[in-house]
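Residues per chain, in single letters:
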Amino acid sequence: MGKAVKFLLIIFVIGSYQVSAQDTTGEESQVQIVVENDNLELNVGDEAVINAKVVDSEGTTLADTLIFFSRNRRALSVTRDGHIKALKPGTYNVFIFKTQQNGNPRLRSQATVNVIYPPLDRIAFNTTPEQLYEGTSIQLEARVYDKLDFHREDLEVDNITSSNPEVAEVDKFGKLRAKSPGSFTITALIEDVTTEWSSEVIANPVTSVDLSVNSDVVRTGDVINITAVPKDQNGNVVQDAPVTYSFTAQPDDDRGPAAPAQIEQDGRFVANKSGLYTIMAKNASTISETTVRVNPRNVSQKIEVVGHGEVTDVPTSDLWVWEGVDGKDYAVTGTHVGRGEAFFWDVSDPENMVTIDTVTVDARVVNDVKVSEDGRIAVISREGASNRKNGLVILDVTDPANVKILSRFDDGLTGGVHNVFIYEDHVYAINNGRRYDIINIEDPENPYRVSKFELDTPGHSVHDVWIEDGVAYSSNWTDGVVAVDVGSNMSGEMQGAGGSPENPKKLGSFTYPSGWNHAAFPFKSQSTDDFYVIAGDETFPDGIPAGWIHFFKLNSWEEAEEVARYEVPEAGTHNLWVKDDVLYVAYYQGGLRIVDISGELMGNLYDQGREIAKFLPKAGEGRSPNSPMAWGPQPYKDLIFVADMNSGLWALKLQPVEETASAE
Amino acid sequence: MKFLKPLFTLVLFVVIAGTENLQAQDYYAYVAAESEDMVHLIHFNAETQQATIAETIEVGRYPTETDGPHGITVAPDGKHWFVSIAHGNPYGMLAKYSTETNKLVSTTDLGMFPASMEISEVTGLLYVVNFNLHGEMKPSSVSVVEPESMTRITDIETGIMPHGSRIGASGKYQYHVSMMTDELIQINTQTLEVSKRFKLSETKGGMSGHKDMDHSKMEHKPVEKPTWAHPHPTKPLIYVAANGSDELLEINTKKWEITQRYKTGKAPYNLEVTPDGKYVVVTYKGEGATGIWDLEEGKEVAKIENSRKVSHGVTISPDSKYAFISVEGIGGEPGSVEVINLQTLERVDVVETGKQAGGIYFWKQS
């Protein structure tokens, strides 16, 4: 009997252990963090200490230590023991954290720190002309700066007045209108800071504006260049007389068309919709106008599906199509999150494309595939290798039906190679998304690294590289497109800097605010001789592909202007190609888009009737049936090949144009 | 004698309530499929001895890139799970999910190739190693994150290619290894500083390292290539997988010396000591097997072949009954989670997962 009781008591003790532990936790909740100097006010540059302590229910200070931290370390630096330094004006929270110590539970609190804005210092206008012609106007912008020279973007100067509104008046949007000859002073005021400038309105000599356009019958998307010359009554040109441009529209489809055209104040006009447009050039009350006819661009063509090499059990990644040494046509496609395969296709009969060989390497992703210009060597990238060494694999594709692995190169490439490019016996390999390595493959069985190119910007990252005329164009997310001379043969303003594969030299870079730069492709317009670099986005807001194509027009490596875009609103861009002033772009769920990019480019090409054709690749079965996810295009001879993640390889052909409106 | 009946009833009630876990039937663990950007919730039914995927959660930033979920952990209160996403542009991130809904709660950026992690019950902070697997051979860091606000509090500089972040039973120390400097590193979870560096390859005679050692001047020719550290639940012992020398090391943290050095299967990678302190379960990455070591006897009592190659992680149920092993597989092969009954020392089930099953962490038993 005694044993039974003892047994029961032992079990009782074991079983009740958890209950007593919870009770202890409950008692400890009386401890709290007390912040003695909450709502601190500091000036920029000030330092202070957050005074906080742990007390029990009777107010007794406990020895527990606290950890302090901030989510805004660039605005308010915080050391772990509560020393703070105000770096930028604003209101911030300092989190105070107590770990479990001395039998007391974890606690969390916070203190508010208000970093006071420095006193305002000055107001600066965007322009302060000494004279204005009667009847003209300018747009004023007033910026406020504080004593530490911070631009107070949160403040707007809404008190801008004219001393003589009969001479010059300013409206509530900052538009200054010169009304009649005389002197005036403009005063801007915010809080106790004021600034003023004086000017005068003088008689306007302009009595006429000669207006001309380079063409009065164009198509949608064609840029009209406008010339307007203000003259006085004697026919003399008034050089400094401003001219503003505007237009009225009579679109052919007048049932509520959206934004039919746009005009820039540098004298460029482009229409999205066909119709009659009257362009006006104005100086004061002197207006000239001219009417232009915009016809439909009529470039659309039907697209014919010539063949489909179905791949539905594994996602298809990139493609490359080439003419083999035997004169036949071949293609290679990679695989994404698959079995480490690259498929080799005979596409000589594009109606019956067949795989003729498969190379399988230790990888889960063969993201990129490239073939040398002579059709003998291929390089495939590796990611997800079981030994985590990744790198790239060099192949002999002289006989694409019997592809041979010549070498594997993973030295220093263990982070994975996402993209590659072959150019003049060198492989350019994106290394771990941080840089590209340049690897000599003159002897493809014994490749060796000759150099690397890496940016030095904080948190830099690179996604892809494409080489043309000895210039490597890499796409670098937030660092945009970077052009590097690796043996440039370009001339004039775009000449190189003496770079080589062994000694790559940066030429220039072009960024844009979103930081979504994923692809880059250079092209010289055959119709205008303008040189462009096209930058493609990749982004997935809410998991859905989005982004667009950016057109940078380059006058030199230092001077790049983003002049146009091609933005399909319902889809997201991936890889692209340009041939003969035609853009081929894989627009993920939006399929293949073929776009006329001839002529000067301005505005959103999507709205201008420039789309020649689109094709939604999809298969009725497989892992993602009926779901277009176009990966990359390649125009090749008279065909267009497209790799689609969910359906495989497609051969397409544009049917001949049956009717095309001309500009005449 | 009459008092015995109510006492018996009371004791029975308390036993049923208090020993619920001892009678657990359902076991749950999260596992990351690194090459498929998925996390699976694995359910193991102890009655049927069968494991299934209860739910699959897609993770990562880019649906068309492989972002690489690598390390995974569950908060001590079981309400959230955390996964480190290895790849980014260029930095990886930490993502926090609700265990109730398996929906994303929030994220915060980390360093290069963030990997394994764990939360200290004492500090409530999460300690994640920035493995920087493919970067320059230079010291990386342990990021400390306050998981409620998902604020990265600080980065603690540590060794080259740090891996295997595990918290000691007291919650006061985090342990990880520096793969390319052959070090076991201890971090004080409260002061957020490295409190000990212990050189593994130079301590074969028992010599200990020093926390102020200038590791930047070391020659980086690792011998042990340690990949994981796990503290014993009750003793001042740390077990380390010496991936490069095929050894299981036991380090006494009172004396700071290696007290045992066991030859293991090829390339031990991850390991975990059972909560009852009886076994350490070690994955042998190089041979696709799992070793179970009896710590009292100091010998391997079972080597269980995995269903495929590249054994990766291990997590053990709190009742010490089951070990859950993640196995990566090769190429297009699915990964797997393999359940080992630690009472019979046999594999009882295999459930296939997305490719490259890696980080694995026990959630709950009920």
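Residues numbered from 1 in each chain as written. Chains lettered and ligands numbered in written order. Predicted model: local features only at pLDDT ≥ 70, side-chain atom pairs only at ≥ 80, totals over all residues.

Comments concerning the overall build of chain A
Across its full length, chain A carries 2 helices and 56 strands. Viewed in the frame of its principal axes, chain A has a C-alpha envelope of about 125 × 80 × 55 Å. By residue count, 43% of the 664 residues in chain A fall in the buried class. Looking at chain A alone, contacts between residues at least 24 apart form 53% of all its contacts between residues at least 6 apart. (Helix = DSSP H or I, 4+ residues; strand = E, 2+ residues; numbered from the N terminus. Buried ≥ 20, exposed ≤ 12 C-beta atoms within 10 Å, placed from the backbone. Contact = placed C-beta atoms within 7 Å.)

A look at the overall build of chain B
On a plain count of helices and strands, chain B comes out with 1 helix and 28 strands. Put simply, chain B has 366 residues, and 56% of those count as buried. Intrachain contacts of chain B at a sequence separation of at least 6 include 46% that bridge at least 24 residues.

Section: the interface of chain A and chain B
Listed as interface residues are 41 residues of chain A and, on the opposing side, 39 residues of chain B. Secondary structure elements with two or more residues in the side of chain A that touches chain B: helix 1 (2–15), helix 2 (17–27), strand 6 (66–70) and strand 9 (90–98) of chain A. For the side of chain A that touches chain B, the element with the highest residue contribution is helix 1 of chain A, accounting for 5 residues. Of the residues belonging to the side of chain A that touches chain B, the class tally is 14 nonpolar, 17 polar and 10 charged. (Nonpolar A, V, L, I, M, F, W, Y, C, P; charged D, E, K, R; others polar.)

Digging into the sheet that holds strand 8 (residues 114–119) of chain B
All names here are of chain B. Read across the sheet, 4 strands follow the order 8-9-10-11 without closing on themselves; strand pairing throughout is antiparallel. Only two strands of the sheet have a single partner each, and these edge strands are strand 8 and strand 11 (151–157). Adjacent strand axes in the sheet meet at a mean angle of 25 degrees, parallel and antiparallel pairs treated alike. Note: strand 9 (residues 126–130) against strand 10 (residues 141–146), 5 bridges, orientation antiparallel. From the neighbouring strand, V129 faces strand 10, where its bridge partner is V142. (Pairing = 2+ DSSP bridges. Axes fitted to C-alpha atoms, helices over the stretch in contact; angles between N-to-C directions.)

Digging into the environment of A619(A)
Assignment of secondary structure puts A619(A) in the loop between strand 53 (611–615) and strand 54 (630–636). As for A619(A) and N555(A), which are separated by 64 residues in sequence, their C-alpha atoms are 44 Å apart.

Considering unusual backbone geometry
Glycine aside, the phi torsion of most residues is negative, and most peptide linkages are trans. A cis amide bond, omega 5 degrees, links N89(B) with the succeeding residue P90(B). The topology assignment puts P90(B) in the loop between strand 5 (80–85) and strand 6 (93–98). The phi angle at D581(A) is positive, at roughly 60 degrees, despite the residue not being glycine. The residue D581(A) is located in the loop between strand 49 (576–579) and strand 50 (582–586) in this model. Its identity as a non-glycine residue notwithstanding, Q356(B) has a phi of 60 degrees, on the positive side. Note on placement: Q356(B) falls in the loop between strand 27 (346–353) and strand 28 (357–365).

Observations concerning the sheet that holds strand 19 (residues 193–202) of chain A
Residue and element names in this part refer to chain A. A sheet is described by the order of its strands in space; here 4 strands give the open sequence 12-19-18-15, paired in mixed fashion. Lying at the two open borders of the sheet, with one neighbouring strand each, are strand 12 (131–133) and strand 15 (159–162). If you compare each strand with its neighbour and ignore which way they point, the axes differ by 30 degrees on average. Strand direction decides the pairing type here: strand 12 and strand 19, joined by 3 bridges, are parallel. From the neighbouring strand, Q131 faces strand 19, where its bridge partner is E200.

Focus on the confidence of the model for chain B
All names here are of chain B. Taken over all residues, the pLDDT of chain B has a mean of 91, while the share at 70 or more is 89%. In this model residues 12–21 is a low-confidence stretch, pLDDT under 50, and it forms 15 contacts with partners more than four residues away in sequence or in other chains. A low-confidence stretch, residues 203–211 stays under pLDDT 50, and its non-local contacts, those more than four residues away or across chains, total 19 contacts. For this predicted complex, the interface score ipTM comes out at 0.86, while the overall pTM is 0.89. (pLDDT = per-residue confidence, 0-100.)

Remarks on the pairing of strand 27 of chain B
A regular strand places its side chains on the two faces of the sheet in alternate fashion. Where strand 26 (residues 335–341) of chain B meets strand 27 of chain B, 7 bridges bridge the pair, whose relative direction is antiparallel. Bridge pairing in strand 27 of chain B links G335(B) to T353(B).

Structural notes on the nonpolar core
Grouped together as the largest cluster of nonpolar side chains are 153 residues, with contacts concentrated most on L392(A) and Y428(A). Ignoring anything within four residues of it in the chain, the contact list for Y428(A) reads V420(A), F421(A), Y423(A), Y436(A), I438(A), V465(A), I467(A) and A472(A). One finds I96(A), I153(B), L295(B) and Y361(B) within the second-largest nonpolar core, a separate group that totals 122 residues. (Core = buried A, V, L, I, M, F, W, Y, C linked by C-beta atoms within 7 Å.)

Examining the confidence of the model for chain A
Per-residue pLDDT for chain A has a mean of 92; in total, 95% of the residues score no lower than 70. Contacts from residues 1–28 of chain A, a stretch scored under 50 in pLDDT, to residues over four places away or in other chains number 21 contacts.

Considerations on the domain arrangement of chain A
Once the domains are mapped, chain A shows domain 1 (31–116), domain 2 (120–202), domain 3 (208–295) and domain 4 (303–654). Computed over C-alpha atoms only, the centres of domain 1 of chain A and domain 3 of chain A are separated by 62 Å. (Domains from an automatic or database assignment.)

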